[in-house]
Amino acid sequence: MLSPAADIARRLAEDAEAVCRHYLTNGRKQGRYWVVGDVQNTPGRSLYVRLTGPIYGPGAAGKWTDSATGQHGDLLDLIALNMGITTLRDALDEARRFLSLPQTDRDRVANPPASRGSPEAARRLWAMGQPMSGTLAERYLAGRGLTGLGHLDSLRFHPNCFYWREDHALNDPPETWPALLAKVTDLDGRLTGLHRTWLDPATADKAPVIPPRKAMGNLLGYGVRIGKPVSVLAAGEGLETMLSLHLALPELPAVAALSANHLAALQLPADLRRLYIAVDADPAGLSAADQLAHRAIGAGIDAVHLSPCLGDINDDLRANGRDALRAHLRPQLAPEDAVTFLDHAED
């Protein structure tokens, strides 16, 4: 009798091409093989999956090898590596979802489903993400002028993230698109939610869905954090706005609140002495910045607006480049912060 893992691997191998088309979207069929760069779905030719062959033994369907690394295995192994899954149980759950097979009673008791959009669902999705370097998410950000951000621990990539359209029928299955994941945390660094930007593999731009961005979990007062503030912090609405500010001032801790309303309600560290607010130049953005500044001043914190030339700081970065953005920000910084976050960064 086959073990559960062997049985699932066999079922996957029976439709190996469908597995590859779902998880390895950057690859292509070449004869009896599916060819792609690696298990993370990077474009290339070093990993090949056998699409046809016997169920077991040499040349079996579903067996794969990465000639660049020497990695090899079956399609269950491939799914686990592709999705960043670290336990056999979670890999079996993901494979069963793909195959539309029910979970076992034991699995349901040990790992009950999380409510869609809940903090627990956000934590599970984040755990399934993978490092951003070399992925479609990195290409997407580069298209926004945002390069060299693969080191940030607040960002991950998911190659097949569920998307429910607003008008989907109750029993319709979700679509799957690659997605940039951004971790939302509280002041103590605990994950409270997740921000997702769905991506189009064909264009490396946002996916053709409306809206292409959604958040899940608890967001109010929290944000996507870059660096840990000690006494100085920059805050703003959009993720790309604050990533742009990070490129210009990489040593300045920053947080993206993800909306104007959430920026106005952002929780501030108790020991903060100066808050820079990256302003979006629209009525909602200006109002949120003023509300946050009012709260900060009431708490004894020096609040300083950072105003863009265009609509937001990412617009400035894309239009004028990093050096021009730094020059524009310099006179808006306190003199000592200009030395700390600009002059020292240039040394």
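Bear in mind the structure is a predicted one, so any value in this text is a computation, not a measurement.

S.K.: What am I meant to see in the overall build of the protein here?
M.R.: When you go through the protein residue by residue, the secondary structure sums to 13 helices and 15 strands. Within the protein, residue pairs in contact and separated by at least 24 positions form 55% of the contacts whose partners lie at least 6 positions apart. Total accessible area computed for the protein in this model is approximately 16,200 Å², and 53% of it derives from carbon and sulfur atoms. Of the side-chain charges in the protein, 36 are positive and 41 negative, and the distance between the mean point of each set is 6 Å.

S.K.: I tried to follow the pattern of salt bridges on my own but got confused; where do I start?
M.R.: Oppositely charged side chains may form a pair once their charged atoms are brought near each other. Within this structure, the stated rule accounts for 16 salt bridges. Residue Asp302 pairs with Arg274 through a salt bridge whose shortest N-O separation is 3.1 Å. Of this pair, Asp302 sits in strand β15 (residues 302–306) while Arg274 sits in strand β14 (residues 274–278); the two residues are 28 residues apart in sequence, bridging distant segments of the chain. Accessibility expressed as a relative area gives 36% for Asp302, which makes it partly exposed. Taking relative accessible area as the criterion, Arg274 reaches 9% and is therefore assigned buried.

S.K.: What is the right way to look at the UniProt feature "domain: Toprim" (unreviewed entry) in the protein in this model?
M.R.: The sites that carry the UniProt feature "domain: Toprim" (unreviewed entry) are, in the present numbering, residues 233–323. Annotated as 45% helix and 19% strand, the span residues 233–323 places its first and last C-alpha atoms 21 Å apart.

S.K.: Would you mind going over the packing of aromatic side chains with me for this structure?
M.R.: Both the distance between ring centres and the angle between the ring planes are used here to describe each pair of aromatic rings. Taken as a whole and judged by the stated rule, the model has 4 aromatic pairs. Between Tyr33 and Tyr48, the aromatic rings sit 5.7 Å apart at their centres with planes inclined by 85 degrees, giving edge-to-face as the arrangement. One end of the pair, Tyr33, is in strand β2 (residues 33–36); the other, Tyr48, is in strand β3 (residues 47–50), with 15 residues separating them in the sequence. Residue Tyr33 is classed as partly exposed on the basis of its relative accessible area of 22%.

S.K.: Looking at this model, I keep getting lost on helix α6 (residues 119–128). Mind explaining?
M.R.: Side chains three or four residues apart in an α-helix point the same way, a direct result of the helix having 3.6 residues per turn. Looking only at α6, the buried set comprises Ala121, Ala122, Leu125, Trp126 and Met128. Across the axial projection of α6, the buried residues extend over an arc of 160 degrees, all falling on one side. In this structure, the buried residues of α6 make contact with α3 (75–83), α4 (88–99), β6 (155–163), β7 (175–185), β8 (191–200) and β10 (213–217).

S.K.: So what exactly am I meant to see when it comes to the sheet that holds strand β13 (residues 254–256) here?
M.R.: In sheet architecture, strand pairing relies on hydrogen bonds along the backbone and comes in two forms, parallel and antiparallel. Overall, mixed pairing links the 5 strands, which are arranged β11-β13-β12-β14-β15 in an open sheet. Strands at the two margins of the open sheet, each flanked by one partner only, are β11 (224–226) and β15. Neighbour to neighbour, the strand axes of the sheet diverge by 20 degrees on average, direction disregarded. Relative to β15, β14 runs parallel, the two sharing 5 bridges. Of the residues in β15, the one forming a bridge with Ala278 is Leu306. Of the strands in this sheet, β12 (232–236), β14 and β15 are in contact with helix α10 (residues 283–298), which crosses β15 at around 160 degrees.

S.K.: Before we go on, may I ask you to explain the sheet that holds β2 in this structure?
M.R.: Strand order across the open sheet formed by 5 strands is β1-β2-β3-β4-β5, with antiparallel pairing between neighbours. Since the sheet does not close on itself, it has two edges, and those belong to β1 (28–30) and β5 (72–73), each with one partner. By the bridge criterion, 3 bridges tie β3 to strand β4 (residues 64–66) in an arrangement that is antiparallel. For Leu47, the partnering residue across the bridge sits in β4 and is Asp66. Against the sheet, α3 contacts β3, β4 and β5, and its axis sits at roughly 45 degrees relative to β4.

S.K.: Looking at this structure, how should I read the nonpolar core?
M.R.: Side chains of nonpolar character tend, in soluble globular proteins, to be buried together. Core analysis: the biggest nonpolar cluster contains 44 residues, and Leu141, Leu155, Leu180, Leu243, Leu245 and Leu249 have the highest contact counts within it. Element by element, the count of residues in this core is highest for helix α8 (residues 239–248), at 6 residues. Listed in part, the 26 residues of the second largest apolar core include Leu12, Leu24, Leu75 and Leu92.

S.K.: What am I meant to see in helix α2 (residues 16–23) here?
M.R.: All of the buried residues along α2 are Ala16, Val19, Cys20 and Tyr23. Seen end-on, α2 carries its buried residues on one side only, within an arc spanning 95 degrees. Its buried side turned inward, α2 meets α1 (4–14), β2, β3, α3, α4 and β6.

S.K.: Whenever I open this one, the side chain of His158 confuses me. Can you help?
M.R.: Examined against the element boundaries, His158 turns out to sit in strand β6. A polar atom in the side chain of His158 sits 3.0 Å from the backbone nitrogen of Asn160.

S.K.: Which parts of the structure should I look at to understand the packing of α3 against α4?
M.R.: Helix-helix packing: each pair is described by the crossing angle between the helix axes and the interaxial distance. Where α3 contacts α4, the two axes come as close as 9 Å, and the packing angle between them is 100 degrees. Here α3 lies roughly perpendicular to α4, going by the angle between them. In this structure, α3 contributes Leu76, Ile79, Ala80 and Met83 to the contact, and α4 contributes Leu88, Ala91, Leu92, Glu94 and Ala95.

S.K.: How do you make sense of the environment of Pro131 when you look at a structure like this?
M.R.: Considering the arrangement of structural elements, one finds Pro131 in the loop between α6 and α7 (136–143). Taking the relative accessible area as the measure of exposure, Pro131 reaches 63% and is therefore exposed. A C-alpha to C-alpha distance of 16 Å links Pro131 and Ile79, two positions 52 residues apart in sequence.

S.K.: Would you mind going over the side chain of Thr185 with me for this structure?
M.R.: Relative to the elements of secondary structure, Thr185 occurs in strand β7. Within the structure, Thr185 has its side chain in polar contact with the side chain of Arg225 (distance 3.1 Å). Contacts of Thr185, omitting those with residues within four sequence positions, involve Arg190, Leu191, Thr192, Tyr222, Gly223 and Arg225.

About the cut-offs
- Residues numbered from 1 in each chain as written.
- Predicted model: local features only at pLDDT ≥ 70, side-chain atom pairs only at ≥ 80, totals over all residues.
- Heavy atoms only, no water.
- Helix = DSSP H or I, 4+ residues; strand = E, 2+ residues; numbered from the N terminus.
- Contact = heavy atoms within 4.5 Å.
- Areas by Shrake-Rupley, 256 points an atom, 1.4 Å probe, with all protein chains shown as cover.
- Lys, Arg positive; Asp, Glu negative; His and termini not counted.
- Charge placed at Lys NZ, Arg CZ, Asp CG, Glu CD.
- Salt bridge = Lys/Arg side-chain N within 4 Å of Asp/Glu carboxyl O.
- Buried < 20%, exposed > 50% of the residue type's maximum accessible area, 1.4 Å probe, protein only.
- UniProt positions renumbered as here; feature names shortened; annotations may be inferred.
- Phe/Tyr/Trp six-rings, centres within 6.5 Å; stacked < 30°, edge-to-face > 60°.
- Arc of directions from axis to C-beta.
- Pairing = 2+ DSSP bridges.
- Axes fitted to C-alpha atoms, helices over the stretch in contact; angles between N-to-C directions.
- Core = buried A, V, L, I, M, F, W, Y, C linked by side-chain atoms within 4.5 Å.
- Polar contact = N/O pair within 3.5 Å; in protein donor to acceptor, adjacent residues only side chain to side chain.
- Parallel < 35°, antiparallel > 145°, perpendicular 65-115°, else oblique.

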